[in-house]
Each structure stands twice: as structure tokens, then as C-alpha cells.
Amino acid sequence: MSVVSLESLFIRDDDDCPSPTENPGLNDDLDTDLEIDEREKSNKDTSTAEVYLQACKLVGVVPVSYFVRNLGTSTMSLNHHGLGPLGGKALSIALVTDMHIDTLELADNHLLAEGAKYLVEMLRANFTIQNLDLSNNHLQSPGAECIAKMLLDNISIKSIKLSGNGFIEDDAKFFADALASNYRVKELDLSHNKFCGRGGEHLGQMLANNEGLELLDLSWNHLRMKGAVAFCAGLKVNVTLKHLDLSWNGFGNEGALALGEALKFNNTLVHLNLNNNRITNEGVGMLCRGLEANDTLRVLLLAYNSLTVEGALALVNVVKNTPKTALEEINICNVLVNENFVQLLELTCQEHPSLEVHYGGVGGFIAKKPPKRPDPMKVIQDYLDKRKLRLWDFFRNIDKDGTMRVPVADFRKAVQQSSIPLDRYQIEELIQRLDRERTGMVDYRGLADTRKQMMRDHRRQLRKVESRQKKEKQKSDRILKTFQSAVEAVTPRGSMVMSPGGAREDSSGPQHFSATPLSSWHHIVMSNSSRYSVTNLSNEHVHLPALGGAGLHRPPRSPAMLSYSQPNLLDDSPRSGPCKPVSAQGTHSDPEVDHSKLSPTANHLTRSRPALNTKQPAAKTKTSKEKKKKSKKQLDKN
């Protein structure tokens, strides 16, 4: 099969279809300007149709009559025509010179990556097409790479739909790189693909870098928790996105937590679709934390999540308690509400008249578990602890004979007549536990064993609750930490540097530096350059800045300061003689000491360690004198 290039067909088009201006012969004086324009348009349409028919003949495909009939219109809808790669090639050849079509719809045509390449070649010459629909064409990874390369150079495409093309998560990097520098694309549809966790990271990076995208559809993907957290980190710093569809992605409560954190800072998003994302009442509570600080979101869709009346009440309460909220529509159409919700909604609508909430109907209820009766043995033990009594004292009052055994009837009567807060059912439960073999007797040993078992069960239950709470807190902290790390990864750092203002030594943990603009950093460095000097790094000696004043404020001890100041203060120099007094600041008070070898700031050191070391030689000399005196006394005795 012969290969037809765009250049050859363009030249053939010029040769075979001359324009009316080449034959200025007959009836020129009779034609008006309107007739000339109409004839030029008709000839050009005829030229495009002839080029298309000739291209179809050369590549061996059947022409699409709809395309020929609708030439000259602004919208060309060729969805579901089964073009295939060769049909896409013939169409691309015909559209090279077309100047009318600005919307090209080619969904479900099995173009494959080969057909996408022909369309990309056409778009390099055609700058009229602004809206392109390539959904459900099985482009896969080669097609994604080809489309992304086109977006790097194209200056006309404003909307592109790539739904259902089998893109995997690594393909998201192609679009992230392409849209990092392309600010002309306003709408992007990547729904019904296979983006997972790593795809969410690339898409989050795309949102952080892009400054033109206003509508993004990522529904029916597989972002899940990891991808959701990474994506929301990019959403936090995005400044242009207005419409976001994240339905059917399995965000869960973890994704709702990250999304709530992003909504605290995002001030451009207007429409958010979170339908079918496995979000429960707990996740809605996390999402509401972000809604409390957001003042731009107008539409929130949460239909077909695992919500009940509690989640619906939380959403309405956020609107009621947040005066600056912009929410106008909340969709929870599958949730059955109760009368309390309807009353709260009416009160909220009085303060926010534009609010509209879609719910499933009235008839829901708040699921509450019946209160569990406390352990009767625990009630007895609390009663005894409050009165500072022993279990033996309690049983001895019932056991009048002192046999350590009492009938069940007497035990029941004694407990009922006492002031222990036990009802009839709890007493019967306790008796069943004390008299398991139905002997009709209750002994003290069984009562003591029951108390021990109660205490073991109580401790086990407390450990279980603490473990569950600890795991939930660790999970939330881990998600927030991952979210913050993702935000730091996608946030540009070109204009931010570390500030010395936050570099305070603390032995309790790692340092947290504050970020300041470059100009502020330059001012700080220039103002402090004369005060800070670092010399003799090989000996780990640092001259600290002069703090001034008699009452110096000593900074907190830290391993870093000790490691720098200690070697220089313990060296064998004349300034640390054993007989020289030492001040509290760690400097010698004798004016005869030679300070010429010290730096100008060395007289204000921050360590008093030399004073401790200089006392040791003095103590040694004192002991030597005592030894001499003792030796003289011994000589005198002898």
C-alpha cells in the first residue's frame, strides 16, 4: 500500500483544485463580493471532500458520507463510526487544510495508537481544532505518549477527552510532564482508565505544576488510599482547578482525611464529585474539617457512600456553623433522614437561602446500640471500694453461721436489701455465675474467683479499647505525615531557603527550620556576618557571638555546643593556669592573661567547664602539702 504524506496531498490539492482567483476571465464584473465569498467557500469544501475521497481510495477504506455532507460546520461528530487506524489516517489527511471544524469527536472508533499518531501529525498543521474527543479508542500506553508529546507543542487544543483508553498508572507521567508547561488546556477527561497509587502521585504533581487546567475528570479509576493522598497534596497547592470529578475511586476515609486537609488551603475549587468512594460517617467528619475553612466550594456530591443520618447532620451543621461557606448544593440522595434533620435543614436554609440538599427521604433513624448492662460483680466491687470495705466483709455479713457458704435465696435477699445498685436481671446473672452447678449454694471462694475473672476481663477490655484507639491515631498520623511529605514534594522550592531564625539546637529531636524569602536571608547574613566567625574547624573550635552585658543569658545545653566548646577550653595553654581565678562566665578574670591569641569574641564564652577543671590542680597541690607535713612529722618523731 502506498504511503501518502501530508505535504504531497496538500500540493495535489492545490494542483487539482485551483481557486477562483486563478481564472479572472469571465463575468468578473458581474460577481459581487458576497457571491465571490460563497464560491470560494464552496470550492474549498469541494477541495476538502475531494482530498478525503482520494485519501480513502489510496489507503483502502470506505469513506464516511456523514463527514462529506457536514463539511463546513464547526462541530464534526464521528462517534461510533468504526474508522480504525486507516480511517483515522484518511481523515487526518483531509483535515490538514480545513479551517471550519473546531470540535472533533472521534469516540469509539478503535483508532489505536497508530490512528492517534496520524491525528497528532494533522494537529501540527491544523490550528483550528480546539476540542478533541478520543474516548474509548484503545490508545493504551503508546497512544498516551503520542498524545502527551502533541500537548507539549500544540497551541490550539483547549479540551481533550481521553476516557476509557486503557492508560496505566505510569502513563500519568506523560500527561504530568506535558501539562506542566501547557497552560492552554482547560478541560481534561481521564476517566475510566487504570490509574492507581503511582498514577495518583503523577497526577498530583501535574496539579501542583499546572496553572491552566480548570476541569479534570478522574472518575472510575483506582486511586485508592495511597493515590488519593498523593493527589490531594497536589490539589492543596493548585490555583486554577474549578471542577473535579473523583467518583468511583475508592478513596475511603483515608482519602477523605487527605481531601479535608487539601480543602483547608485550596481556594479555587467550585465543584467536587465524591460519589461512590466508600466514605462513611467518620470520613464525612474528617471532610467537614476542611469544609469549615473553605469558602469557595459550591457543589459537593456524596451520593451512594456509606452514610447515615449522622453524616447528613454533620454536613448540614457545617453549613449552619460556618458563615463564610459557599456551599449551595449537597447531594446525598441515597440517605434516609429523620425529622431532626429536616428541622435542622429548615433552620439552616433560613440563614443560607441558596442551600439545596438532595436526600433520599424521611424515614431514617440513628442506629444506637442498647446500653450494655455493667458487670454485676464490677458494680459490687465499686460499691465496696467507695466504702473502703473488703469482699470478705461483704460476705461475712451474709454468712451468719461462718461456714463460708450461704444459700442462694439468702444471698439474693441480702443483695436486694442492700444499697448496691443492681436490678433483678443483674442479680440473677450474678447468681448463675456463682452457682454454675445448680447446687443452691454460694461459697466465698466462688465469689472471689468471680471477682478475679471480672478484673481480668475488665483489664483485657481496656487494653483492647486502647489498642484500637492507638491504631486509629497511628493510621491518621501516618496519613497526615504522608500527605505532608507529598505536599513538600510537589511544592516548588526555588524561592525559599532555610532561615537561621529557626535553627535552634534542641536535643529532643530533629530541627524545624522556618522558610524566608531570599531577600530576607541576604539581610540576615549581611547583618550577622561580623558577629559570627568559625575558625580552626579541624580542632572543632568555634567562637560564639558576644551576648553582651553582665547578666548574660546562658543558652540551653546541647550536645552540639559541648562538642564545639569543650576541646578549646581544655587545651594546655597559659590562660588555664591552676592559680588563676575563673569567673562564672568561664573566662579568666586576671588582666595579665594574654588574650592576643583569642578572637575578639572569645571573652564571652558560654561554658563554665574550665572552672571545674581548674579546681582539680589546686586540690592536688593541697594534698601534696599535707603529705609533706605528714612526712616532716614522721621525721621529727623518728
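Residues numbered from 1 in each chain as written. Predicted model: local features only at pLDDT ≥ 70, side-chain atom pairs only at ≥ 80, totals over all residues. Heavy atoms only, no water.

### Considerations on the overall build of the protein
Regarding its fold elements, the protein presents 21 helices and 17 strands. Burial status across the protein gives 41% buried among its 638 residues. Sequence-distant contacts, at least 24 apart, represent 78% of the contacts inside the protein between residues at least 6 apart. Accessible surface computed for the protein: about 36,400 Å², of which carbon and sulfur atoms make up 53%. (Helix = DSSP H or I, 4+ residues; strand = E, 2+ residues; numbered from the N terminus. Buried < 20%, exposed > 50% of the residue type's maximum accessible area, 1.4 Å probe, protein only. Contact = heavy atoms within 4.5 Å. Areas by Shrake-Rupley, 256 points an atom, 1.4 Å probe, with all protein chains shown as cover.)

### So, the side chain of Asp245
The topology assignment puts Asp245 in strand S7 (residues 243-245). Within the buried set, Asp245 has no salt-bridge partner at all; the shortest N-O distance to an opposite charge, 11 Å, is to Lys161. One polar contact links Asp245 to Ser247, side chain to side chain, over a distance of 2.9 Å. Leaving out residues up to four positions away in the same chain, Asp245 has contacts with Leu216, Asp217, Leu218, Ser219 and Asn273. (Lys, Arg positive; Asp, Glu negative; His and termini not counted. Salt bridge = Lys/Arg side-chain N within 4 Å of Asp/Glu carboxyl O. Polar contact = N/O pair within 3.5 Å; in protein donor to acceptor, adjacent residues only side chain to side chain.)

### Some remarks on the pairing of strand S11 (residues 356-362)
Summarising the sheet, strand S10 (residues 329-337) and S11 pair through 6 bridges and their orientation is parallel. Within S11, the position partnered with Ile330 by the bridge is Val357. Handedness of the S10-helix H13 (residues 339-351)-S11 crossover: right-handed. (Pairing = 2+ DSSP bridges. Right-handed = clockwise from strand over helix to strand, strands pointing away.)

### Quick word on the packing of helix H7 (residues 172-179) against helix H8 (residues 197-209)
Between H7 and H8, the shortest axis-to-axis distance is 8 Å and the interhelical angle comes to 5 degrees. One way to sum up the angle between H7 and H8 is to call them roughly parallel. Contacts between H7 and H8 pair Ala172, Lys173, Phe175, Ala176 and Leu179 from the former with Gly199, His202, Leu203 and Met206 from the latter. The residue inventory of the contact of H7 with H8, partitioned by class, reads 6 nonpolar, 2 polar and 1 charged. (Axes fitted to C-alpha atoms, helices over the stretch in contact; angles between N-to-C directions. Parallel < 35°, antiparallel > 145°, perpendicular 65-115°, else oblique. Nonpolar A, V, L, I, M, F, W, Y, C, P; charged D, E, K, R; others polar.)

### Quick word on the packing of aromatic side chains
Enumeration over the complete set of coordinates arrives at 7 aromatic pairs. Members of the aromatic cluster, each reached through a chain of ring pairs, are Trp392, Phe395 and Tyr444. Here Arg424 stacks its cationic end above the ring of Tyr425, 4.6 Å away from the centre of that ring. (Phe/Tyr/Trp six-rings, centres within 6.5 Å; stacked < 30°, edge-to-face > 60°. Lys NZ or Arg CZ within 6 Å of the ring centre and 35° of its normal.)

### Some points on the sheet that holds strand S9 (residues 299-301)
With parallel pairing, 11 strands are arranged side by side in an open sheet as S1-S2-S3-S4-S5-S6-S7-S8-S9-S10-S11. Looking along the sheet, the strands with just one partner apiece sit at the ends: strand S1 (75-77) and S11. When strand polarity is set aside, the average angle formed by the axes of neighbouring strands in this sheet is 5 degrees. Of the strand pairs in this sheet, S1 and strand S2 (residues 103-105) are connected by 3 bridges, and their pairing is parallel. Each residue of the ladder has a partner; that of Thr75, found in S2, is Thr103.

### Looking at the packing of helix H6 (residues 140-153) against H7
A pair of packed helices is characterised by two quantities: the angle between their axes and the separation of those axes. Between H6 and H7, the least distance of the axes is 8 Å, while the angle of their chain directions is 0 degrees. When the axis of H6 is compared with that of H7, the two are roughly parallel. When H6 is examined against H7, the residues Ser141, Ala144, Glu145, Ile147, Ala148, Leu151 and Leu152 are found in contact with a partner set consisting of Phe174, Phe175, Asp177, Ala178 and Leu179. The residue makeup of the contact of H6 with H7, split by class, is 9 nonpolar, 1 polar and 2 charged.

### Some remarks on the nonpolar core
Ranked by size, the top nonpolar core spans 108 residues in total, and within it Phe67, Ile147, Leu216, Leu272, Leu300 and Ile332 carry the most contacts. Residue contributions to this core peak at 7 residues, all from helix H12 (residues 309-321). Beyond its immediate chain neighbours, meaning those up to four positions away, Leu216 contacts Leu188, Met206, Leu207, Phe231, Leu241, His243, Leu244 and Asp245. Core analysis: the next-biggest nonpolar cluster, separate from the first, contains 23 residues, Leu422, Ile431, Val442 and Met454 among them. (Core = buried A, V, L, I, M, F, W, Y, C linked by side-chain atoms within 4.5 Å.)

### Points about the side chain of His352
Among the structural elements, His352 can be located in the loop between H13 and S11. Ignoring anything within four residues of it in the chain, the contact list for His352 reads Val319, Lys320, Thr322, Pro323 and Thr325.

### Points about the pattern of salt bridges
Any two side chains of opposite charge can pair if their charged atoms end up close together. As enumerated under the stated definition, the model contains 14 salt bridges in all. When the shortest N-O distance is used, the salt bridge between Glu169 and Arg198 registers 3.2 Å. Taken together, the residues span a long stretch of sequence, with Glu169 in the loop between strand S4 (159-161) and H7 and Arg198 in helix H8 at a distance of 29 residues. Note that Arg390 and Asp393 form a salt bridge whose closest N and O atoms lie 3.2 Å from each other.

### Concerning a positive patch on the surface
A cluster of basic side chains, namely Arg445, Lys452, Arg456, Arg459 and Arg463, defines a positive patch on the protein surface. The topology assignment puts Arg463 in helix H18 (residues 444-490). (Patch = residues over 30% accessible without salt bridge, like charges linked within 9 Å, V, L, I, M, F, W, Y side chains within 5 Å. Charge placed at Lys NZ, Arg CZ, Asp CG, Glu CD.)

### Focus on helix H5 (residues 112-123)
Helix length check: H5 (12 residues) gives 17 Å between terminal C-alpha atoms against 16 Å at 1.5 Å per residue, within 8%. Looking at H5, one finds that the buried residues are Ala113, Gly115, Ala116, Leu119, Val120, Met122 and Leu123. For H5, the arc enclosing every buried residue in end-on projection is 165 degrees, short of the 170-degree limit, so these residues lie on one face. (Expected span 1.5 Å × (residues − 1). Arc of directions from axis to C-beta.)

### Focus on the pairing of S10
Of the strand pairs in this sheet, S9 and S10 are connected by 3 bridges, and their pairing is parallel. Pairing of Leu301 across the sheet is with Asn331, part of S10. Crossover handedness for the path S9 to H12 to S10: right-handed.

### Quick look at unusual backbone geometry
One non-glycine residue, His192, lies in positive phi territory at about 55 degrees. Topologically, His192 is positioned in the loop between strand S5 (187-189) and H8. For His192, a relative accessible area of 43% corresponds to the partly exposed category. One non-glycine residue with positive phi stands out, namely Arg224, at about 55 degrees. Examined against the element boundaries, Arg224 turns out to sit in helix H9 (residues 224-237).

### Examining helix H4 (residues 84-95)
In an α-helix there are 3.6 residues to a turn, and that puts residues three or four apart on one side. Between the first and last C-alpha of H4 there are 16 Å, a value that for 12 residues agrees with the 16 Å anticipated at 1.5 Å per step. Burial runs high along H4: 11 of the 12 residues are buried. Three or more residues of H4 are buried, namely Gly84, Pro85, Gly87, Gly88, Lys89, Ala90, Leu91, Ser92, Ile93, Ala94 and Leu95.

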